[in-house]
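The primary structure of each chain is shown beneath.
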Amino acid sequence: MVLHKKTVSLVALFLLLLVISSNYVLYHSSFGLQSLPGNFNGVVVGSILDLSLVAPLLFLAWQRKFSLKYFIVLMATGLIAARFIIPSEYLASFQSVMWLGAGIEGLLILFELSLLFMLVKNVPPILRRIKSSSLPLLFSFSRAVNEKFSKQPFIHVLCSEMLMFYYAFGTWKKQPRTEGNTFTLYKRSSFITFQIMIIHAIVIETLGLHWLLHNTSMTLSIVLLILNIYSIVFFIGDIQALRLNPLRVEDDRIYISFGLAKRMEISFKNIEEIIEDTHILKQKITSTTIEFIARDFETVHPDLLLTLKSPVEATLFMGIKKKYQQVAIRVDDPHAFKKIVKERLEKNKQNM
């Protein structure tokens, strides 16, 4: 069943990319333009339906997240994308449809601006809440935001971006905490070196592609430049967040994060079983397992696997929430980590 869902998701992603790329090639290549019939209105209608109906449905199938509100947003986005993909001379007969998409998107932007104003208004109390908390910043910030905006996905995405820029540019003088109950996740691997290599590759690719495309497609060149700059900022922020937020074991729970990509709180009262056997660990990693493992060029396995009594929600990239039944962890000092986890788990069992 899990494999079937993954297959459907991958097929949906492939078809989504195929729909977008084929429509782009149709209007922006000599082969595509030559294949257009004399009366091109039917083809334009097909492209509009592809981008405003088919592509949103495929995107929802890929994300496995079905919501009417989300679908309307994606439809409006598809209509706006059509204005950029389909040349303006072909859209002369469909301006009212295009303006409908722009109108819906405009209303959504106004709504999001109102949420942004509310966020700015609540920044002082959020900062006070963070300063008074003893939790790691990734967790204290998220908790403070959740208290004010528990059901506002746009705010969570925005706050996720704020964290990225903060760690990328505002943490260079900070040092990670090195206490007895904290454990780093990356020093037994070349993960950070690998991230730095990716940053270098993106810089080289940015310079090369921008030079090649700036004379042929300035718009595409600028879009790729912005995406590559964003990627560099993300990787820098991710490295800093990983360094400055080691796994932390408290009396009643574990705070664990892996850079900006994922984080979660695990209560000892919710731990059903601790699996350490290497052979069992290799077989137990499923789609319901979240991994906090620094991977590079070598195949590595977790030091232990926590099986939970009930699924726990993790916060992923862009503030996305997802629940997991198991947690696979690999730390730089596994013996000390296993010892403290077992001690705290036993203590919590005695107090229950």
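Residues numbered from 1 in each chain as written. Predicted model: local features only at pLDDT ≥ 70, side-chain atom pairs only at ≥ 80, totals over all residues. Heavy atoms only, no water.

### Quick word on the overall build of the protein
Argument step 1. Secondary structure assignment for the protein yields 12 helices and 8 strands.
Argument step 2. The burial tally for the protein puts 41% of its 352 residues in the buried class.
Argument step 3. Considering only contacts in the protein between residues 6 or more positions apart, those separated by 24 or more positions represent 67%.
Argument step 4. Total accessible area on the protein stands at roughly 20,100 Å², and carbon and sulfur atoms take up 65% of it. (Helix = DSSP H or I, 4+ residues; strand = E, 2+ residues; numbered from the N terminus. Buried < 20%, exposed > 50% of the residue type's maximum accessible area, 1.4 Å probe, protein only. Contact = heavy atoms within 4.5 Å. Areas by Shrake-Rupley, 256 points an atom, 1.4 Å probe, with all protein chains shown as cover.)

### Brief notes about the pairing of strand E4 (residues 262-267)
Argument step 1. Of all the 6 residues making up E4, 5 are buried; the element is thus mostly covered by neighbouring parts of the structure.
Argument step 2. Both strand E3 (residues 253-258) and E4 contribute to a ladder of 6 bridges, which runs antiparallel. Its bridge partner being in E4, Ile254 is matched across the sheet by Ile266.
Argument step 3. Counting the residues that bridge the hairpin from E3 to E4 gives 3 residues, and of these Gly259 lies at a positive phi of roughly 60°. (Pairing = 2+ DSSP bridges.)

### A word on the side chain of Arg263
Argument step 1. Structurally, Arg263 is set in strand E4.
Argument step 2. Looking at Arg263, its side chain comes within polar contact range of the main-chain oxygen of Leu138, at 3.4 Å.
Argument step 3. Every residue in contact with Arg263, bar those within four places of it in the chain, is listed here: Leu138, Phe139, Ser142, Leu163, Ile256, Ser257, Phe292, Ala314 and Thr315. (Polar contact = N/O pair within 3.5 Å; in protein donor to acceptor, adjacent residues only side chain to side chain.)

### Notes on empty space enclosed by the protein
Argument step 1. The tally for this structure, following the rule as stated, stands at 1 cavity of 30 Å³ or more.
Argument step 2. In terms of residues, the lining of the largest cavity owes the most to one element, helix H8 (residues 153-169), which gives 6 residues.
Argument step 3. Looking at the lining of the largest cavity residue by residue, the classes come out as 9 nonpolar, 5 polar and 3 charged. (1 Å grid on protein atoms, 1.4 Å probe; cavity = no way out; pocket = protein on both sides within 12 Å on 5 of 7 lines; lining within 4 Å. Points joined across faces, edges and corners; volume = space filled by probe spheres on them. Nonpolar A, V, L, I, M, F, W, Y, C, P; charged D, E, K, R; others polar.)

### Re the packing of aromatic side chains
Two measures describe an aromatic ring pair: the distance that separates the ring centres and the angle between the ring planes.
Argument step 1. A complete count under the given rule lists 8 aromatic pairs for this structure.
Argument step 2. Look at Phe165 and Phe169: their rings are 6.2 Å apart centre to centre, the planes differ by 20°, and that puts the pair in the stacked class. With Phe165 and Phe169 both in helix H8, this residue pair falls 4 residues apart, about one helical turn.
Argument step 3. Put simply, the rings of Phe234, Phe235 and Phe317 touch in pairs and so form one group of aromatic residues.
Argument step 4. The side chain of Lys262 reaches across the aromatic face of Phe258, ending 6.0 Å from its centre.
Argument step 5. We note Lys262 situated over the ring of Phe292; from NZ or CZ to the ring centre the distance is 5.8 Å. (Phe/Tyr/Trp six-rings, centres within 6.5 Å; stacked < 30°, edge-to-face > 60°. Lys NZ or Arg CZ within 6 Å of the ring centre and 35° of its normal.)

### With respect to the packing of helix H7 (residues 137-148) against H8
Argument step 1. Running from N to C, H7 and H8 point in directions that differ by 150°, and their axes come no closer than 11 Å. With respect to H8, the element H7 is oriented roughly antiparallel. At the point where H7 passes H8, the crossing takes the right-handed sense. Between H7 and H8, the contacting residues are Leu137, Leu138, Phe141, Val145 and Asn146 on the first element and Ile155, His156, Cys159, Met162, Leu163, Tyr166 and Tyr167 on the second. (Axes fitted to C-alpha atoms, helices over the stretch in contact; angles between N-to-C directions. Parallel < 35°, antiparallel > 145°, perpendicular 65-115°, else oblique. Left-handed = near helix turned anticlockwise from the far one by under 90°.)

### Some details on the pattern of salt bridges
Argument step 1. Inspection of every chain in the model, using the stated rule, returns 9 salt bridges.
Argument step 2. Between Asp252 and Arg253 there is a salt bridge, with its nearest N and O atoms 3.4 Å apart.
Argument step 3. Classification of Asp252 as partly exposed rests on a relative accessible area of 35%.
Argument step 4. For Arg253, a relative accessible area of 23% gives the class partly exposed.
Argument step 5. In this structure, Glu276 and Lys342 form a salt bridge, with 2.6 Å as the shortest nitrogen-oxygen distance. Separated by 66 residues along the polypeptide, Glu276 in the loop between strand E5 (271-275) and helix H11 (278-284) and Lys342 in helix H12 (residues 334-351) bring together distant segments of the chain.
Argument step 6. Taking the relative accessible area as the measure of exposure, Glu276 reaches 30% and is therefore partly exposed.
Argument step 7. Among the residues examined, Lys342 registers a relative accessible area of 41% and is labelled partly exposed.
Argument step 8. Linked by salt bridges that have partners in common, Arg143, Asp252, Arg253 and Glu265 make up one network. (Salt bridge = Lys/Arg side-chain N within 4 Å of Asp/Glu carboxyl O.)

### Remarks on helix H4 (residues 68-85)
Argument step 1. Under the 1.5 Å per step criterion, the end-to-end length of H4 is 25 Å for 18 residues, consistent within 8% with the ideal 26 Å.
Argument step 2. Inspection of H4 places Phe71, Leu74, Ala76, Gly78, Leu79, Ala82 and Ile85 among the buried residues, and these make up the whole buried set. (Expected span 1.5 Å × (residues − 1).)

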